[in-house]
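# What the coordinates show
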Amino acid sequence: MSTETAETAGTAGTAGTAYGRRWPVRLLRAAAVLVLLDTLAQAALAGLFVTGDLDLLAWHAANAGVLSALTVVETVAALVVWRRLRAPGWPVVTSAALVALVGVQRGLGEARALAGHMPLGMVVFGGATALACWAFTHRPGAVAEAAG
């Protein structure tokens, strides 16, 4: 095997390992951004509904299903980052809590219990923001290097 071939093989192995370490974080980042944007869309739809556009209530209700699905994807992504990259566990707990909170949120909205629905929406938005911020500031190798 020539020196050039050995160097190329080493580079390919390193690149494959680097990709193997990055894809879970990329998936989590994408899911976190989608959850955050969809949460913002929910707030905008609710605000526009309150101003008198009654058709947007149906959009708000339909988008709640999309948000529910996105929070499940985010939780799975956080679980993969935690298990594969030895990241902290709190993002898994927080994203799983978001799944539950969005479910409660949907129930409160369908019951028209706005006294609980609106403040809980702020909690969901805060959790989504915290997860998105963490997903973009977390460095996968930092925890493993500190532990090792």
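The paragraphs below set out a description of the structure included in this document. (Residues numbered from 1 in each chain as written. Predicted model: local features only at pLDDT ≥ 70, side-chain atom pairs only at ≥ 80, totals over all residues. Heavy atoms only, no water.)

## What about the overall build of the chain?
The helix and strand inventory of the chain stands at 5 helices and 0 strands. A buried classification covers 30% of the 148 residues belonging to the chain. The contacts of the chain with a sequence gap of at least 6 include a subset with a gap of at least 24, amounting to 70%. (Helix = DSSP H or I, 4+ residues; strand = E, 2+ residues; numbered from the N terminus. Buried < 20%, exposed > 50% of the residue type's maximum accessible area, 1.4 Å probe, protein only. Contact = heavy atoms within 4.5 Å.)

## Section: the packing of aromatic side chains
Using the criterion set out here, one finds 1 aromatic pair in the structure. Centroid distance Trp 90 to Trp 134: 5.9 Å. Interplanar angle 70°. Geometry classified as edge-to-face. Here the residue Trp 90 occupies a position in helix α3 (residues 90-110), and Trp 134 occupies one in helix α4 (residues 114-137), the gap between them amounting to 44 residues. For Trp 90, a relative accessible area of 39% translates into the label partly exposed. Taking relative accessible area as the criterion, Trp 134 reaches 12% and is therefore assigned buried. Taking the ring centre of Trp 82 as reference, the NZ or CZ of Arg 83 above it sits at 5.3 Å. (Phe/Tyr/Trp six-rings, centres within 6.5 Å; stacked < 30°, edge-to-face > 60°. Lys NZ or Arg CZ within 6 Å of the ring centre and 35° of its normal.)

## Some points on unusual backbone geometry
We note that Arg 86 has phi near 55°; this positive angle belongs to a residue other than glycine. Mapped onto the fold, Arg 86 is located in the loop between α2 (56-85) and α3. On the basis of relative accessibility, which here comes to 56%, the residue Arg 86 falls in the exposed class.

In short, geometric facts, not functional conclusions.
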